[in-house]
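Commentary on secondary and tertiary structure
Next come the chains, spelled out residue by residue.
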Amino acid sequence: MEKKVSDNRYRFIDVARGISIICIILGHLGNSQINRFVFTFHVPIFFLITGYFINKKTSIREFIHKRFRTLIIPYIISCICVIISAVIINMLINDGSDNKTVLLRWVKASMYGAGDNYETPFIIYGIGATWFLLATFWGSIVMRCSLEAGPYVRMSIIAAYFILGAVTTRICWFPLSIQAGGTAAFYMYIGYLSRDLFKNLSKIRNEIKAVMLIICMWLWIGFIRDFQSFWLVHNNYGRGVNDIINSIAASACVIFICYVISAVSFKGISKIMDGVAYLGRYSLIVLCLHIIELDTFPWFRIATHLFGEVTETEYLYIRIAFKLVFVIVGTVIISKISVLRRAFGYKK
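A short tour of the structure in this document, coming up. (Residues numbered from 1 in each chain as written. Predicted model: local features only at pLDDT ≥ 70, side-chain atom pairs only at ≥ 80, totals over all residues. Heavy atoms only, no water.)

Of all nine residues that make up helix H3 (residues 44-52), nine are buried, and the element is covered over most of its length. Inspection of H3 places Pro44, Ile45, Phe46, Phe47, Leu48, Ile49, Thr50, Gly51 and Tyr52 among the buried residues, and these make up the whole buried set. (Buried < 20%, exposed > 50% of the residue type's maximum accessible area, 1.4 Å probe, protein only. Helix = DSSP H or I, 4+ residues; strand = E, 2+ residues; numbered from the N terminus.)

Below, the structure written as structure tokens:
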């Protein structure tokens, strides 16, 4: 495998994170053609990678403390920024919405922690993409605790959490995205199991590895072609087991592709991969900046103010450019300021 970088990270893993976090941003544009591609892997790949690195080196208590520090604190910071941004923008736009109403709407959304809006059995306001932080928190804790048990008990714990989350979703979406944590735990478990495969990858004949890759690519292409729905924010697994398997195959393909391209020595490509890896290394900051602009920025007003009347296609490209510039510049600034960087759990 590639030479390790700091904090036991691999460059190609950071590249995979970087590509996936960009795809998460693109997946919130509401474009069906983009969604049928990015939704096949962009969230599962984060859960799989997280599971790959979970181990018993730290105690459960220390693990929970670390996860709270690196997931819940950034979630709280992001929510506070969303609330402040929403109120300020509402004051500037002055479209008739009451500031108190806007304030309460986002406070409620922050406290409930749902990824989307729900109307049954009561009105639930969604906070947006940062549901992922809550789901990762619950999923990783259950995954870490299950390591204290034997393999069959561990399998039962993960399966029970996954099924419970999927079934109860039909009744009501619980606070703090705890049901989505069951989905996260399942993918983390697959990522955890994949460690043995990667450790013994060099012992597997190239012919077998080629066949495995072809099968994964075939499943991924079929998933994209026949995509119906796969919204993990709702615990929606599309066609069920088939699409879950397809999402794992898609994630494996993306990771393999990232492994190959991150090893390319061409100066231009290498520089681009360094930039993508940078976003992957600070993907948490990217996500939090993205939720601020996604929830509160009036991109259409900004686009029409700057460019006048725009077509749907032009608006799509303008939004992509604006969003990427905002999150990239913001990430660079925050990652360079030690106080802000530590606030998001980054020591170096």
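Additional details are given in the paragraphs that follow.
For the rest of this paragraph, the subject is the layout of surface pockets. Within this model, the second largest pocket holds a volume of roughly 900 Å³. Taken together, 31 residues make up the lining of the second largest pocket; nearest its centre are Leu197, Phe198, Leu201, Ala252 and Phe256. For the lining of the second largest pocket, the secondary structure elements donating two or more residues are helix H1 (11-26), H3, helix H8 (180-199), helix H9 (206-225) and helix H10 (241-262). Considering every element that reaches the lining of the second largest pocket, the biggest residue donor is H10, with eight residues. Its residues assigned to classes, the lining of the second largest pocket comprises 25 nonpolar, five polar and one charged. (1 Å grid on protein atoms, 1.4 Å probe; cavity = no way out; pocket = protein on both sides within 12 Å on 5 of 7 lines; lining within 4 Å. Points joined across faces, edges and corners; volume = space filled by probe spheres on them. Nonpolar A, V, L, I, M, F, W, Y, C, P; charged D, E, K, R; others polar.)

Turning next to the nonpolar core. Counting 87 residues, the largest nonpolar core has Phe47 and Trp131 as its most contacted members. Once residues lying within four places of it in the same chain are set aside, the contact partners of Phe47 are Trp131, Phe132, Ala135, Thr136, Ala184, Tyr187, Met188 and Leu232. In terms of nonpolar packing, the next biggest core, distinct from the first, is built from five residues, Ala303, Val310, Tyr315 and Ile318 among them. (Core = buried A, V, L, I, M, F, W, Y, C linked by side-chain atoms within 4.5 Å. Contact = heavy atoms within 4.5 Å.)

Looking now at unusual backbone geometry. Here the bond from Thr120 into Pro121 is cis, since omega is -5 degrees, no more than 30 degrees from zero. Relative to the helices and strands, Pro121 resides in the loop between helix H5 (99-112) and helix H6 (131-146). You will see that Leu176, though not glycine, has its phi angle at about 60 degrees, which is positive. Considering the arrangement of structural elements, one finds Leu176 in the loop between helix H7 (151-168) and H8. The partly exposed category is assigned to Leu176, whose relative accessible area is 32%.

So, on to the packing of aromatic side chains. Counting across every chain of the model gives 27 aromatic pairs. Between Phe39 and Trp231, the aromatic rings sit 4.5 Å apart at their centres with planes inclined by 85 degrees, giving edge-to-face as the arrangement. Here Phe39 is found in the loop between helix H2 (32-38) and H3, whereas its partner Trp231 is found in the loop between H9 and H10, with 192 residues between them in sequence. Taking the centre distance of 5.9 Å and the plane angle of 45 degrees together, the rings of Phe223 and Phe227 count as tilted. With respect to class, Phe223 is no different from Phe227; both count as buried. Cation over ring: Arg105 sits above Trp106, and NZ or CZ is 4.0 Å from the ring centre. (Phe/Tyr/Trp six-rings, centres within 6.5 Å; stacked < 30°, edge-to-face > 60°. Lys NZ or Arg CZ within 6 Å of the ring centre and 35° of its normal.)

Nonpolar side chains collect at one region of the surface, where Val325, Val329, Ile333, Ile337, Val339 and Leu340 lie side by side and expose about 490 Å² of accessible area between them. Broken down by element, the residue count for the nonpolar patch peaks at three residues, all from helix H14 (residues 312-336). Considering the arrangement of structural elements, one finds Ile333 in helix H14. (Patch = residues over 30% accessible without salt bridge, like charges linked within 9 Å, V, L, I, M, F, W, Y side chains within 5 Å. Areas by Shrake-Rupley, 256 points an atom, 1.4 Å probe, with all protein chains shown as cover. Salt bridge = Lys/Arg side-chain N within 4 Å of Asp/Glu carboxyl O.)

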